[in-house]
Amino acid sequence: MTDRIKTLAGRWTHAVPVLAVVLLALTWGRDLPGGIVAVVTLVLAGAVLAAVHHAEVVAHRVGEPFGSLVLAVAVTVIEVALIVTLMLDGGDKSATLARDTVFAAVMITCNGILGLSLLVGALRHKTAVFNSEGTGAALATVATLAVLSLVLPTFTTSKTGPEFSSVQLTFAAVASLTLYGLFVATQTVRHRDYFLPVVKQGQVPSPDQHAEAPSTRTALVSLGLLLLALIGVVGLAKGVSPTIESGVEAAGLGHGVVGVIIALLVLLPETIAAVRAARRNHVQTSMNLALGSAMASIGLTIPAVAVASLWLPGPLVLGLGNTHMVLLALTVVVGALTVVPGRATPLQGGVHLVLLAAYLELTINP
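Remember, it's a predicted structure, so these values are computed and weren't measured experimentally.

K.L.:
Residues and numbers for the overall build of the protein chain, please.
P.N.:
Within the protein chain, the regular secondary structure consists of twelve helices and two strands. Put simply, the protein chain runs from its N terminus to its C terminus through helices and strands in the order α-α-α-α-β-α-α-α-α-α-α-α-β-α. Counted over contacts in the protein chain with a minimum sequence separation of 6, partners at least 24 positions apart contribute 83%. Accessible surface, the protein chain as shown: approximately 16,600 Å² in total, 67% of it carbon and sulfur.

Put into structure tokens, the structure is as follows:
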């Protein structure tokens, strides 16, 4: 019976990514009626679960921190492609699209995914433990990238409004890529041990004895299906976005709510993977996913939109408003206080989730 269940699970996780891409091709650029939106939403949910499954297969094969890096980069690359595509479509709202999407990703990852992981890990294992050296380095990189790319444009004077000049935007893009590259090298080569899961005594736990590592062929198949699933997730999320936007406008909410909902959908695979890792007491893996996703969102999006700005018809607004800068500053301060001890209780997880709730509430009621 167990083997049969595994076989059925393997079949649907292989079929759903392909189905998602086929459905995406059939619905791309079309106005979808209510019944089709329901089908798309159902396939979207299946693609999210399939993406998590294949990400865990790849992670089991390559080990940490490579597994969380694969998922974070894959999601972000596809997300960046979506952002640039939407910006090239033009429109009055495209000027702030990159800023709003990146900031939403930072708040969701650094407060939502991180807070939920700490809460689940601490409730299940009394104390959530992680490596403060690696997590602190990740948080410092995220904070630097966020300030350079999203805060400084509000205060520069070379160009009117919260925008960078061409030279400043080039510097921000190069700095973002450099910092992200340095972090990846630190995480995967020079100080890989800083990003491995730890137990309460501080040792690195031994690999699972009950699960044999998948073969290289299986891992490669899962990697391909992971990419298909993520393409389906992001593309189908864009497909249902007009319906979401109509619902948001009908409710009298601001347009920024649409970006938050899309970001939540896109980051759902990482959220589920991070919570599962926290339940297994691998909170460091959860931290790698949360902060790595935030870092990739900034470090890859800013260079991409800098290149796209060469032919974008309108302005590129990157600077945050006062309210969002306060939330970003509070997130960095609270994050630093959470990271320094290398362990957390449910309180720290709750604090981060309250910060996310404050961001969502102020997005709905500015």
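Read on for the rest.
K.L.:
Give me the environment of Arg 279: which residues, what numbers.
P.N.:
In this structure, Arg 279 sits in helix H9 (residues 268-279). For the pair Arg 279 and Val 120, spaced 159 residues apart in sequence, the C-alpha to C-alpha distance is 6.4 Å. When sequence neighbours within four positions are dropped, the list of residues in contact with Arg 279 reads Val 120, Arg 124 and His 125.

K.L.:
I'd love a proper account of the side chain of Thr 101, names of residues and values included.
P.N.:
Looking at where Thr 101 falls in the secondary structure, it is placed in helix H4 (residues 97-125). Residue contacts for Thr 101: discarding those within four places in its chain leaves Glu 79 and Ile 83.

K.L.:
Explain the confidence of the model for the protein chain to me, using residue names and the numbers behind them.
P.N.:
Of all residues in the protein chain, 87% attain a pLDDT of 70 or more, and the chain-wide mean is 82. Low pLDDT, under 50, characterises residues 1-6; the predicted model gives this stretch zero contacts beyond four residues in sequence or across chains. Contacts of residues 206-210 to residues separated by more than four positions or lying in other chains number zero contacts, the stretch itself having pLDDT below 50.

K.L.:
So what about a nonpolar patch on the surface? Which residues, and what values?
P.N.:
Taken together, Val 18, Val 22 and Leu 26 make up a surface patch of nonpolar side chains, about 250 Å² in accessible area. Its location among the elements puts Val 22 in helix H1 (residues 2-27).

K.L.:
Describe the packing of aromatic side chains, and please don't skip the residues or the numbers.
P.N.:
Aromatic ring pairs are defined here through the distance separating the ring centres and the angle between the ring planes. In total, this model carries two aromatic pairs according to the counting rule given. Centre to centre, the rings of Phe 103 and Tyr 359 are 5.5 Å apart; their planes meet at 80 degrees, and the pair counts as edge-to-face. Residue Phe 103 is located in helix H4, and its partner Tyr 359 is located in helix H12 (residues 346-364); the two are separated by 256 residues in the primary sequence. When sorted by exposure, Phe 103 lands in the same class as Tyr 359, which is buried.

K.L.:
Give me the lowdown on unusual backbone geometry, citing residues and values where you can.
P.N.:
Positive phi outside glycine occurs at Lys 126, with the angle close to 70 degrees. Within the secondary structure, Lys 126 sits in the loop between H4 and strand E1 (128-129). Lys 126 gets classed as exposed once you look at its relative accessible area, which sits at 69%. Phi angles above zero are rare outside glycine, and Asn 281 is one such case at about 70 degrees. Note on placement: Asn 281 falls in the loop between H9 and helix H10 (283-308). Judged by relative accessible area, which is 16%, Asn 281 ranks as buried.

K.L.:
Could you give an account of the packing of helix H5 (residues 132-155) against helix H11 (residues 322-339), with specific residues and numbers?
P.N.:
Across the interface, H5 lies against H11 with an axial gap of 10 Å and an inter-helix angle of 170 degrees. Classed by the angle they form, the pair H5 and H11 counts as roughly antiparallel. Between H5 and H11 lies a crossing of left-handed hand. Along its contact with H5, which presents Ser 132, Thr 135, Gly 136, Leu 139, Ala 143, Ala 146, Val 151, Thr 154 and Phe 155, the element H11 presents Met 325, Leu 328, Val 332, Gly 335, Ala 336 and Val 339.

K.L.:
Break down H11 for me, with residues and values.
P.N.:
In this model H11 runs 26 Å from its N-terminal to its C-terminal C-alpha over 18 residues, within 8% of the 26 Å that 1.5 Å per residue would give. Those residues of H11 that sit buried are Met 325, Leu 327, Leu 328, Thr 331, Val 334, Gly 335, Thr 338 and Val 339. Against the buried residues of H11 lie H4, H5, strand E2 (343-344) and H12.

K.L.:
So what about the nonpolar core? Which residues, and what values?
P.N.:
If you look at the biggest cluster of nonpolar residues, it comprises 73 residues, and the most contacted ones within it are Leu 71, Leu 118 and Tyr 359. By residue number, the principal contributor to this core is H4, which donates 13 residues. In this view, Leu 118 contacts Ala 128, Phe 130, Val 283, Met 287, Thr 338, Ala 344, Gln 348, Gly 349 and His 352; residues no more than four positions away in its chain are not counted.

K.L.:
Any chance you could break down helix H6 (residues 166-190) for me, citing the residues and the numbers?
P.N.:
The terminal C-alpha atoms of H6, which comprises 25 residues, lie 34 Å apart, in line with the 36 Å expected from a rise of 1.5 Å per residue. Taken residue by residue, H6 has Leu 169, Ala 172, Ala 173, Ala 175, Ser 176, Tyr 180, Phe 183, Gln 187 and Thr 188 as its buried positions.

K.L.:
Which residues make up the side chain of Ser 222, and what values do they have?
P.N.:
Topologically, Ser 222 is positioned in helix H7 (residues 216-250). Residue contacts for Ser 222: discarding those within four places in its chain leaves His 54, Val 57 and Val 58.

K.L.:
Go over the pattern of salt bridges, please, and point to the residues and values.
P.N.:
Scanning the model with the defined rule gives two salt bridges in all. Here Asp 100 makes a salt bridge to Arg 99, at a shortest N to O gap of 3.1 Å. When its relative accessible area of 32% is taken as the criterion, Asp 100 is described as partly exposed.

K.L.:
Could you give an account of the packing of H9 against H10, naming the residues involved and the relevant values?
P.N.:
Here H9 crosses H10 at 160 degrees, and the two axes come no closer than 7 Å. By the angle between their axes, H9 is roughly antiparallel relative to H10. Two packed elements cross with a definite hand, and for H9 against H10 that hand is left-handed. Of H10, the residues touching H9 (which contributes Glu 270, Ala 273, Ala 274, Ala 277 and Ala 278) are Val 283, Thr 285, Ser 286, Leu 289 and Ser 293. Partitioning the contact of H9 with H10 into residue classes produces six nonpolar, three polar and one charged.

Rules behind the numbers
Residues numbered from 1 in each chain as written. Predicted model: local features only at pLDDT ≥ 70, side-chain atom pairs only at ≥ 80, totals over all residues. Heavy atoms only, no water. Helix = DSSP H or I, 4+ residues; strand = E, 2+ residues; numbered from the N terminus. Contact = heavy atoms within 4.5 Å. Areas by Shrake-Rupley, 256 points an atom, 1.4 Å probe, with all protein chains shown as cover. pLDDT = per-residue confidence, 0-100. Patch = residues over 30% accessible without salt bridge, like charges linked within 9 Å, V, L, I, M, F, W, Y side chains within 5 Å. Salt bridge = Lys/Arg side-chain N within 4 Å of Asp/Glu carboxyl O. Phe/Tyr/Trp six-rings, centres within 6.5 Å; stacked < 30°, edge-to-face > 60°. Buried < 20%, exposed > 50% of the residue type's maximum accessible area, 1.4 Å probe, protein only. Axes fitted to C-alpha atoms, helices over the stretch in contact; angles between N-to-C directions. Parallel < 35°, antiparallel > 145°, perpendicular 65-115°, else oblique. Left-handed = near helix turned anticlockwise from the far one by under 90°. Expected span 1.5 Å × (residues − 1). Core = buried A, V, L, I, M, F, W, Y, C linked by side-chain atoms within 4.5 Å. Nonpolar A, V, L, I, M, F, W, Y, C, P; charged D, E, K, R; others polar.

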